[in-house]
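Survey of secondary and tertiary structure
Spelled out, the chains give:
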Amino acid sequence: FLEDCPNPLDPVRKAEILERDAKIAKLHDQATSAENNQTDRGNLDDQLVTHFVALVNVNDQLYELDGRKEAPVAHGPTTSAT
């Protein structure tokens, strides 16, 4: 996926590449079908329009990862406890 998404790349184009990535889809299905995952993921045939945002701690800095934005957004200091 990363090799197919040069920086900068239009967020819509980036999302289109991500949606078609078979390896990510396979890994996603494996992760969400694990026994310890108790979240109902719905029917695989359901047509959904979703948008996901991730907040991650990188070197005690909180970053927002949003495919609709051009780059990660730094929100400031954080810790693994917070």
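What counts, and where the lines are drawn
- Residues numbered from 1 in each chain as written.
- Predicted model: local features only at pLDDT ≥ 70, side-chain atom pairs only at ≥ 80, totals over all residues.
- Heavy atoms only, no water.
- Helix = DSSP H or I, 4+ residues; strand = E, 2+ residues; numbered from the N terminus.
- Buried < 20%, exposed > 50% of the residue type's maximum accessible area, 1.4 Å probe, protein only.
- Contact = heavy atoms within 4.5 Å.
- Areas by Shrake-Rupley, 256 points an atom, 1.4 Å probe, with all protein chains shown as cover.
- Pairing = 2+ DSSP bridges.
- Axes fitted to C-alpha atoms, helices over the stretch in contact; angles between N-to-C directions.
- pLDDT = per-residue confidence, 0-100.

**Considerations on the overall build of the protein**
- A count of helices and strands for the protein gives two helices and three strands.
- What you see in the protein, going N to C, is helices and strands ordered as α-α-β-β-β.
- Expressed as a percentage of the 82 residues in the protein, the buried residues total 13%.
- Taking as baseline every contact in the protein between residues at least 6 positions apart, the subset at least 24 positions apart corresponds to 12%.
- When the accessible area of the protein is evaluated, it comes to approximately 7100 Å², of which 53% is carbon and sulfur surface.

**Things to note about the sheet that holds strand β2 (residues 61–66)**
- Read across the open sheet, the three strands follow the order β1-β2-β3; overall the sheet is antiparallel. At either end of the open sheet lies a strand with only one pairing partner, and these are β1 (53–58) and β3 (73–77). Across the sheet, the mean angle separating the axes of adjacent strands is 25° when strand polarity is ignored.
- Looking at chain direction, β2 and β3 are connected through four bridges and run antiparallel. By the bridge assignment, Leu 62 is partnered in β3 with Gly 76.

**Some words on the confidence of the model for the protein**
- For the protein, per-residue confidence averages 79 on the pLDDT scale, and residues scoring 70 or more make up 82% of the total.
- Mean pLDDT across the elements of the protein ranges from a minimum in helix α2 (residues 22–32), with 81, to a maximum in β3, with 93.

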